[in-house]
Amino acid sequence: MEKYNLVIVGGGPAGLAAAISAYDKGERNMIILEREPKLGGILNQCIHNGFGLHTFNEELTGPEYAQRYIDEVKKRNIKYLLNTTVINVSDKKEIKALSEDGLLNIEAKAIILSCGCRERPRGGINIAGARCAGIYSAGTAQKLVNIEGYMPGKEVVILGSGDIGLIMARRMIFEGAKVKAVVELMPYSSGLNRNIVQCLNDFNIPLMFSHTVVDIKGKKRVESVVIAEVDERLNPKMETCQEIKCDTLLLSVGLLPENELARGASVDLSRITRGAIVDDQLMTSIPGIFECGNVLHVHDLVDYVSEEAKEAGEKAYEYIYSSKDESYEKTLIKTENGVRYTVPELIIKNDDYNPLTLKLRVGNVYKKVKLEVSCDGDVIYSRMRPVVAPGEMEKIDLKSEQVEKLRKATEIKVYLRSQE
Amino acid sequence: MREFICINCPLGCQLKVDDSDLNNIKVTGNTCKRGERYGIDEVLNPKRMVTSSVVVLNGKENVVSVKTKEAIPKGLIFESLELLKNTKVEAPVNIGDIIIKNVLNTGVDFVATRNVERN
Ligand SMILES: Cc1cc2nc3c(=O)[nH]c(=O)nc-3n(C[C@H](O)[C@H](O)[C@H](O)COP(=O)(O)OP(=O)(O)OC[C@H]3O[C@@H](n4cnc5c(N)ncnc54)[C@H](O)[C@@H]3O)c2cc1C
Ligand code: SF4
């Protein structure tokens, strides 16, 4: 049994930033375990620009952003293992991993889970029709085109207007394909505005809201898809069916945090984010197991991933070296009126009044609302938002005096207040 | 008055651009200076950064990702992509290596955005 103070599962931007910050705090006895043959995570395939403006004040592509963190990890000689898949984490903080040298058994004082998310598969969305070639998840297509240099098709329909789908629409056009439509079930996009502008509008690709794919036709390969408008209850209106000829269907229907490991360790998971329920130290229900990045909740901005992970690295360090074995009471943040979730979800009742950031997502597009936090009925934070949307994470930055109220409260609520 | 969404960073600020006087264009709704610049440029001379990939010979990977170092005129996107289709580079490639110099006389280079080791 190998022993480390800190084991970081996943060497994407979250794992890298967590490792760097734990090192900078003073930790030397740690290791990053990464399944792929390369560090950097999903960023390696995100060759488009738009990363890092908030962190580096510079517009980078995914691989460039990742490389900056990889360089920092190497500079510090932080140990990492590639081609190493963690297959089990226990609530005793024992880790089993499969590496090129066989099975590894590792014992850790603290674990940071930073294993990102995976795409929702076709099975999860229930489309009828042929099981023929030419159906890919958008992320798989992205990997094929950007890493393998292989084009999956010539005439494309994309289901779902998540960021990966939008980015792949432009990418397929750049590689000479025709993108006939992006079909979105909801009346709004879950993708970032700028991707709608830059990836669809620039190339006149139609974005069809409140539509879905009801049938896929084809024998060996996709030959066409049938799409239809949906009603308010998201049921297709069959009289609106139209057939679109295409040889490729890309599915961009959302990401799910990859939480099999957390589940195996009996970590309490949120039914909304599908990530762990964490307190304001980013610690899960199992003391010493932390989560950050896309495994905790899906982020649209890698800068925020790095920020969150930095904190996780620091908190893990503090946990490893804290002698006190105290367990504080925690208050659950209640979300109401349009707010779907907050991260963290639990606030520790202690006297650490350092500034704190709450992140959240809303469940629909709301205009002219106030984003508010109340403690035992007193509004301690209120900010006007011209528009909030499910595709964009909101942040609430709380100052010391607000954090003090938060920590002392017995009831905390985060909600939207309509201004109309 | 024209409306744009700033694309310079993922915040995507909603810009209102008053272009009634082209010598004195007024931008509102931006969070930072880049948004103001973008609003003005989008009226006078829309530009985009182009990201794609080119074939690598003798590399550990088949393709290397590239970007225009700065944004180029929107109208030149497809012509610039044509240039990439006819380009092959020899590994090793390092981040920042110039892949095509002075793309279509814009003064902007295509540079590599990934390291590809030699096989
Ligand atoms: C298509 C796409 C486009 C994006 N566009 C932008 C953008 O334009 N701008 C922006 O700022 N952000 C963007 N993002 C968001 C950003 O890339 C992600 O939020 C970020 O990569 C998440 O980092 P992470 O480390 O949490 O996860 P990941 O990058 O997914 O890394 C997780 C790592 O963990 C490893 N792993 C998983 N399970 C195991 C295991 N069991 N054992 C060992 N290793 C494991 C994986 O191999 C992976 O390397 C985009 C994301 C996607 C998917
Ligand atoms: S104005 Fe600034 S903050 Fe807003 S989208 Fe543009 S670059 Fe980002």
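Residues numbered from 1 in each chain as written. Chains lettered and ligands numbered in written order. Predicted model: local features only at pLDDT ≥ 70, side-chain atom pairs only at ≥ 80, totals over all residues. Heavy atoms only, no water.

**Considerations on the pairing of strand β25 (residues 378–388) of chain A**
Residues and elements named next belong to chain A. One ladder, built from 9 bridges, connects strand β24 (residues 366–375) with β25; its direction is antiparallel. Counted as the bridge partner of C375 is D378 from β25. Where β24 folds back on β25, the antiparallel hairpin that results is connected by 2 residues, among which D376 adopts a positive phi of roughly 45°. (Pairing = 2+ DSSP bridges. Helix = DSSP H or I, 4+ residues; strand = E, 2+ residues; numbered from the N terminus.)

**Digging into the interface of chain A and chain B**
Between chain A and chain B, the contact holds 33 residues from the first and 31 residues from the second. Taken as a group, E59, F174 and R194 of chain A account for 19% of the area that chain A buries against chain B, more than any other trio of residues on that side. Counting every contact that joins chain A to chain B gives 5 salt bridges. Breaking the side of chain A that touches chain B down by element, the ones donating at least two residues are β3 (49–51), α2 (53–56), β4 (60–61), α3 (62–75), α4 (138–148), α5 (163–174) and α6 (193–200) of chain A. Looking at the side of chain A that touches chain B, its residues break down into 13 nonpolar, 11 polar and 9 charged. (Contact = heavy atoms within 4.5 Å. Buried area = accessible area lost by both parts, 1.4 Å probe. Salt bridge = Lys/Arg side-chain N within 4 Å of Asp/Glu carboxyl O. Nonpolar A, V, L, I, M, F, W, Y, C, P; charged D, E, K, R; others polar.)

**Topic: the packing of aromatic side chains**
Residue and element names in this part refer to chain A. Applying the stated criterion across every chain yields a total of 8 aromatic pairs over all chains. Arranged with centres 5.7 Å apart and planes meeting at 90°, the rings of F174 and F203 form a pair that is edge-to-face. With F174 in helix α5 and F203 in the loop between α6 and β13 (207–208), this residue pair connects regions lying 29 residues apart in the sequence. Taking relative accessible area as the criterion, F203 reaches 13% and is therefore assigned buried. (Phe/Tyr/Trp six-rings, centres within 6.5 Å; stacked < 30°, edge-to-face > 60°. Buried < 20%, exposed > 50% of the residue type's maximum accessible area, 1.4 Å probe, protein only.)

**Quick look at the pairing of strand β7 (residues 94–99) of chain A**
Residues and elements named next belong to chain A. The alternating pattern of β7 places I95, A97 and S99 on a buried face, while none of E94, K96 and L98, on the opposite face, is buried. With 4 bridges joining them, strand β6 (residues 85–89) and β7 adopt antiparallel strand pairing. Paired with V86 across the two strands is A97, which belongs to β7. Between the antiparallel neighbours β6 and β7 lie 4 residues, among them K93 with a positive phi of about 65°.

**Observations regarding the domain arrangement of chain A**
Residues and elements named next belong to chain A. The domain architecture assigned to chain A consists of domain 1 (1–119 + 255–324), domain 2 (121–253) and domain 3 (326–420). Distance between the C-alpha centres of domain 1 and domain 3: 25 Å. Facing 17 residues of domain 1, the contacting portion of domain 3 comprises 19 residues. In total, domain 1 and domain 3 occlude about 1,700 Å² of area from one another, counting both sides; carbon and sulfur atoms represent 52% of this. (Domains from an automatic or database assignment.)

**Focus: the packing of helix α1 (residues 13–25) of chain A against helix α8 (residues 302–321) of chain A**
All names here are of chain A. Where α1 contacts α8, the two axes come as close as 7 Å, and the packing angle between them is 40°. Accordingly, the angle class assigned to the pair α1 and α8 is oblique. When you trace α1 past α8, the crossing you get is right-handed. For the pair α1 and α8, contact is made by P13, A14, A17, A18, S21, A22 and K25 and by V302, V305, S306, A309, K310, G313, E314, Y317 and E318, respectively. (Axes fitted to C-alpha atoms, helices over the stretch in contact; angles between N-to-C directions. Parallel < 35°, antiparallel > 145°, perpendicular 65-115°, else oblique. Left-handed = near helix turned anticlockwise from the far one by under 90°.)

**Here we look at the site of ligand 1**
Residues and elements named next belong to chain A. Taken together, 34 residues sit near ligand 1, with E34, I42, R194, N294 and V302 positioned nearest. For ligand 1, an oxygen atom lies 3.3 Å from a polar atom in the backbone of P13. Protein burial of ligand 1: of its 1,000 Å² of free accessible surface, 95% is covered by the chains. At the level of elements, α1, β3, β6 and α8 are the ones that each hand at least two residues to the shell around ligand 1. Sorting elements by how many residues they give to the shell around ligand 1 places α8 first, with 3 residues. Across the shell around ligand 1, the residue classes break down as 15 nonpolar, 13 polar and 6 charged. Two domains each donate at least three residues to the shell around ligand 1, and these are domain 1 (1–119 + 255–324) and domain 2 (121–253). (Near = heavy atom within 4 Å. Polar contact = N/O pair within 3.5 Å; in protein donor to acceptor, adjacent residues only side chain to side chain. Areas by Shrake-Rupley, 256 points an atom, 1.4 Å probe, with all protein chains shown as cover.)

**Some thoughts on the domain arrangement of chain B**
Size of an interface: often given as the accessible area lost when the parts come together. On domain assignment, one finds that chain B holds domain 1 (2–44) and domain 2 (51–112). A separation of 28 Å is found between the C-alpha centroids of domain 1 of chain B and domain 2 of chain B.

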